[in-house]
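# Tertiary structure, described
Each chain, written out:
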Amino acid sequence: MSVNHYENFPVGSIVLPRRLRKPVHAVYAFARTADDIADEGNAEAAERLRQLDELKAELDRIAQGGKPQTALMQRLHNEAIEPFQLPLQPFYDLLAAFSQDVVKTRYENFGELIAYCRLSANPVGRIMLHLYGQTDEVSMAQSDGICTALQLINFWQDVAVDWQKGRVYIPQEDLQKFKVSEEQIAAGKADFAFQRLMAHECQRAFQMLKAGSPLGKTLKGRIGFELRMIIVGGQLILQKLDGCKYDVFNRWPLLDKKDWMIIIKRALMKK
């Protein structure tokens, strides 16, 4: 299991209410497509940005009361945005994050990274809450905490993967503070300094996940159960990172069948 925020769309979940399956699939298709434009293949940066701008132009058409031209955006409009009166800002935010991915590969400090997560991760939870009809300020804030935490956890388990893509999400300020160099990341060296750094970053993610976790009880029925499973899954990934002493270069954390039994049990107990 990855805790990548797009994979946390419950697109294949048997607990997702039937009425939400089409809109969730449509939103997921939009996010996945845009993410792939920014991150997959061998296209030059200018071409990636051009394709993302085309998606933005489609959102602009919807905002102006027009009809989108592509099948992807027609589906998003007809199955999600229009019937559920979804706000467009979260979709614009996602596109802004994907465009940032194309051109930005380093983050100076934790605040800068969190600002990125506000665009790349938090809109996912906000869209889902609008689909659920739970849009009060407290729920939105708790959702932001969960989504940011999941994004951070994904960064910390994917340090080696991101390095291969030329990206370092660990804040430069923290690398300097804990005396860890990018050369060390390139060499896959999980020494004591790296372990201290990763423990620090994972603790931040844990606190955010904990702060947002009451939302799993606020949301009732199958939706709340789905969210509690996601939260517990994130917690287990953090435990596995600690268990392997943060050696993300040689022991990428995965959830096995035993872990899934734990996830289901804990999600049921935390109702």
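Note that the structure is a prediction, hence the values are computed from the model and not measured.

With that out of the way, let us pick up the domain arrangement of the protein. What the domain assignment lists for the protein is domain 1 (16-103) and domain 2 (105-270). Once you take the C-alpha centre of each, domain 1 and domain 2 turn out to be 24 Å apart. With 22 residues of domain 1 at the interface, the matching set in domain 2 holds 17 residues. Together, the buried faces of domain 1 and domain 2 total about 1,800 Å²; carbon and sulfur atoms form 64% of this surface.

This next bit is on the environment of K179. Within the element layout of this structure, K179 appears in the loop between helix 9 (172-177) and helix 10 (182-187). Residue contacts for K179: discarding those within four places in its chain leaves Q184 and A193.

On to the packing of aromatic side chains. Applying the stated rule across the entire model yields eight aromatic pairs. For the ring pair Y107 and Y169, a centre distance of 5.8 Å and an interplane angle of 20° mean the geometry is stacked. A residue pair is termed long-range when its members are at least 10 positions apart, and Y107 in the loop between helix 4 (89-103) and helix 5 (110-120) and Y169 in the loop between helix 8 (159-164) and helix 9 qualify at 62 residues. As far as burial versus exposure is concerned, Y107 and Y169 are alike and both buried.

A few words on the nonpolar core. Counting residues in hydrophobic clusters, the biggest one holds 81 residues, and the most contacted among them are F91, L152, W156, I170 and F194. The greatest single-element share of this core, amounting to 11 residues, is contributed by helix 13 (residues 221-243). Inspection of this core shows a minimum of three residues originating in each of domain 1 (16-103) and domain 2 (105-270). Look past the residues within four positions of L152 in its chain and what remains in contact with it is F110, L113, I114, C117, A205 and M208.

Their axes nearest at 4 Å, the elements helix 5 and helix 6 (residues 122-132) cross at an angle of 35°. Across the interface between the two elements, C117, R118, L119 and S120 of helix 5 pack against N122, P123 and V124 of helix 6. Among the residues making up the contact of helix 5 with helix 6, the classes are represented as four nonpolar, two polar and one charged.

Rules behind the numbers
Residues numbered from 1 in each chain as written. Predicted model: local features only at pLDDT ≥ 70, side-chain atom pairs only at ≥ 80, totals over all residues. Heavy atoms only, no water. Domains from an automatic or database assignment. Contact = heavy atoms within 4.5 Å. Buried area = accessible area lost by both parts, 1.4 Å probe. Helix = DSSP H or I, 4+ residues; strand = E, 2+ residues; numbered from the N terminus. Phe/Tyr/Trp six-rings, centres within 6.5 Å; stacked < 30°, edge-to-face > 60°. Buried < 20%, exposed > 50% of the residue type's maximum accessible area, 1.4 Å probe, protein only. Core = buried A, V, L, I, M, F, W, Y, C linked by side-chain atoms within 4.5 Å. Axes fitted to C-alpha atoms, helices over the stretch in contact; angles between N-to-C directions. Nonpolar A, V, L, I, M, F, W, Y, C, P; charged D, E, K, R; others polar.

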